[in-house]
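# Residue-level structure breakdown
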Amino acid sequence: MNNVIAMMAILFHSSSIVAQQKASTTEDTTLSAQEIKAISLKDYKSFKVNIAPLIKEMSDKRVVGLGEGTHGTAEFYKVRYWISRILVEEQGFDYIAFENDLSDVWALNQQISKTKNLGQLMKSHLMSIWQNEETKEMLDWVKQCNATHQRKVTLSGLDFPLLKPDVEMLISVLTKGQDLTLMPAVKSLYQAASLQDEAWIGMNDKSYKIDWKLLRSGSKSGYITADSIEKQMVNLQLSPVLKGEFQQALTNLKQGFAPFYGGTAEGDRDSLMANNAAMILKGSNSKMIIWAHNAHMGKTKIYAGTVGGTGSYLLKLFPNNYFVLGTGTANGTFAGTVDVRPTNSNLMKTYPLAKPIVGSWDEMLASKNIPSLYFSPSKTKLASLAKPLRLIGFGIKSDKSTYDTLNLAKMFDAFLFIKDTHASTPLK
């Protein structure tokens, strides 16, 4: 039970975690005009010119993390789309990965080239935080890019909240490879996966009662079966590509069962997402862009080491080959949900951003009166300074409880700040 509670506490960080420290007030906390670069969000062309120095820094990395200060800000989706487009079209990047279920995004990637209803495909395979017009614009571009270029963009997921998509991916791979040897064992995983998914989604309903004994028993059975299948993989008559995809789905399935089973330690969520990125890129020369929250993309954990730090694991897996951009805002609105567990059906609504707290990075950057800007924290005189930064998950709070005191230079290679932002646009 303790493993389950710990997993749920960190799985999608929310405003329920509070850890604040007081920022130093005895040193200069102002960035000079020379340390800041203003950028324009008026159009793609203007943005591309402004962001060119930052793209140059990203271009020679194997993995680039594009963070977001909230899971529901339209402008964060826009700038990440534009940066991704430049990296793909001009710098050889060919993977775009989401903080989303690995197998669900695999299914979306399989269907995106032929779908006539991209919005419905997104609703079926992306969590609600990605179900917006801004993400759709990026996916439309991917679809068009793949239709006209020999080098394809592959969409991937790195997370493991839902398990039925993993079973469906395993079945699809075996069917495509025409080796049905392990199909009975794979199909037997449906029961445990369905039980766990039902409990996960049910946590959003206050009247739902979880049978923890049944859930742990089912997850244990599912994990043991998945582990047994993995040991038999060597005999599968599949192409290297399909065998790799089979391994990805099976690994993701074990990652999901493990916390509820409690009999094995697969690692914390952030290490698993980093390992999934490495597993996807294994054996290739591909380069990956990752879209996820600042807390995950950052190079250090936050909230006293209890949350985040996918970036720290990526640095170990890809030495000197990881670059991370954080994003932040001060005013406006954002989209959030009152649900406690992220799913593909959370109801997202618009909420006002609370005024930045005194002494925070948000307040200091907003005082510059520059609509949009970026800077490299380690290259400024504030490189050693720690100040509160707002970190809004998928919840609805944006008050002082959502801040943690951070050294930006230790978290990010660059930080992009947009003073006034808006909630992401729901799919039409």
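What you see is a predicted model; the values in this text were computed from it and never measured.

## Considering helix H4 (residues 102-111)
The buried count for H4 comes to eight of 10 residues, which makes it a mostly enclosed element. By the burial criterion, the buried members of H4 are Leu102, Ser103, Asp104, Val105, Trp106, Ala107, Leu108 and Asn109. Next to the buried residues of H4 lie strand S3 (95-101), helix H5 (118-125), strand S4 (154-159), helix H7 (164-177), helix H11 (240-261) and helix H12 (269-281). Measuring from the backbone nitrogen of serine 103 back to the side-chain oxygen at the start of H4 gives 3.0 Å, which picks out aspartate 101 as the cap.

## Let's talk about empty space enclosed by the protein
All chains considered together, the criterion is met by two cavities of 30 Å³ or more. Its volume calculated, the largest cavity comes out at about 50 Å³. Lining the largest cavity, in full, are Gly69, Thr70, Phe76, Thr327, Gly328, Thr329, Leu353, Asp362, Leu389, Arg390 and Ile392. Of all the secondary-structure elements, those providing two or more residues to the lining of the largest cavity are strand S6 (322-336) and strand S9 (386-390). At three residues, S6 tops the list of elements feeding residues into the lining of the largest cavity.

## Thoughts on the nonpolar core
Phe246 and Ile290 are the most contacted members of the largest nonpolar core, which has 70 residues in total. It is H11 that provides the largest number of residues to this core, a total of seven residues. In this structure, Phe76, Ile83, Leu118 and Leu155 belong to the second largest nonpolar core, which totals 49 residues.

## Comments concerning the pairing of strand S11 (residues 414-421)
Of all the eight residues making up S11, seven are buried; the element is thus mostly covered by neighbouring parts of the structure. Two elements, S6 and S11, share seven bridges in a ladder whose sense is parallel. Bridged to glycine 326 within S11 is phenylalanine 415. Relative to S11, strand S8 (residues 372-375) is paired through four bridges, and the arrangement is antiparallel. In the strand pairing of S11, phenylalanine 375 is matched with phenylalanine 415.

## With respect to unusual backbone geometry
Keep in mind that most residues, glycine aside, have a negative phi and that most peptide bonds are trans. Positioned with a positive phi, glutamine 178 is a non-glycine residue whose angle comes to about 60 degrees. Assignment of secondary structure puts glutamine 178 in the loop between H7 and helix H8 (183-187). Glutamine 178 gets classed as exposed once you look at its relative accessible area, which sits at 72%. Positive phi is not limited to glycine here, since asparagine 369 has a value of about 55 degrees.

## Brief notes about the side chain of glutamate 245
Examined against the element boundaries, glutamate 245 turns out to sit in helix H11. For the buried glutamate 245, no salt bridge is present, and the opposite-charge side chain at shortest range is lysine 176, 5.7 Å distant. Setting aside chain neighbours within four positions, we find glutamate 245 in contact with Trp106, Gln110, Met169 and Val173.

## Quick notes on the packing of H12 against helix H14 (residues 310-317)
In contact at an axis separation of 8 Å, H12 and H14 are set at 40 degrees when each is read in the N-to-C sense. It follows that H12 is oblique to H14 by the angle criterion. The two elements H12 and H14 cross, and the hand of that crossing is right-handed. Contacts between H12 and H14 involve Asp270, Ser271, Met273, Ala274, Asn275, Ala277 and Ala278 from the first element and Thr310, Tyr313, Leu314 and Leu317 from the second.

## Thoughts on the packing of aromatic side chains
For the coordinates displayed, the defined rule picks out 11 aromatic pairs. Seen in terms of ring centroids, phenylalanine 98 and tryptophan 130 are 5.1 Å apart; in terms of plane orientation they differ by 65 degrees. Their pairing is edge-to-face. Taken together, the positions of phenylalanine 98 in strand S3 and tryptophan 130 in the loop between H5 and helix H6 (133-148) put the pair 32 residues apart, joining distant regions of the chain. Ring plane angle 50 degrees and centroid distance 6.3 Å describe the contact between tryptophan 130 and tryptophan 291, whose orientation is recorded as tilted. In this pair, tryptophan 130 is assigned in the loop between H5 and H6 and tryptophan 291 in strand S5 (residues 288-291), connecting sequence segments 161 residues apart. The exposure classification of tryptophan 130 matches that of tryptophan 291, with both residues buried. An aromatic cluster is built from Tyr77, Phe98, Trp130 and Trp291, whose rings are joined through pairwise contacts.

## Points about the packing of helix H3 (residues 74-91) against H6
As a packed pair, H3 and H6 sit with axes 8 Å apart at the nearest point and diverge in direction by 15 degrees. With respect to H6, the element H3 is oriented roughly parallel. Relative to H6, the crossing made by H3 is right-handed. The residues of H6 that touch H3, namely those facing Ala74, Tyr77, Tyr81, Ser84, Arg85, Val88 and Glu89, are Glu134, Thr135, Glu137, Met138 and Trp141. In the contact of H3 with H6, the residues fall into six nonpolar, two polar and four charged.

The rules behind these values
Residues numbered from 1 in each chain as written. Predicted model: local features only at pLDDT ≥ 70, side-chain atom pairs only at ≥ 80, totals over all residues. Heavy atoms only, no water. Buried < 20%, exposed > 50% of the residue type's maximum accessible area, 1.4 Å probe, protein only. Helix = DSSP H or I, 4+ residues; strand = E, 2+ residues; numbered from the N terminus. Contact = heavy atoms within 4.5 Å. Polar contact = N/O pair within 3.5 Å; in protein donor to acceptor, adjacent residues only side chain to side chain. 1 Å grid on protein atoms, 1.4 Å probe; cavity = no way out; pocket = protein on both sides within 12 Å on 5 of 7 lines; lining within 4 Å. Points joined across faces, edges and corners; volume = space filled by probe spheres on them. Core = buried A, V, L, I, M, F, W, Y, C linked by side-chain atoms within 4.5 Å. Pairing = 2+ DSSP bridges. Lys, Arg positive; Asp, Glu negative; His and termini not counted. Salt bridge = Lys/Arg side-chain N within 4 Å of Asp/Glu carboxyl O. Axes fitted to C-alpha atoms, helices over the stretch in contact; angles between N-to-C directions. Parallel < 35°, antiparallel > 145°, perpendicular 65-115°, else oblique. Left-handed = near helix turned anticlockwise from the far one by under 90°. Phe/Tyr/Trp six-rings, centres within 6.5 Å; stacked < 30°, edge-to-face > 60°. Nonpolar A, V, L, I, M, F, W, Y, C, P; charged D, E, K, R; others polar.

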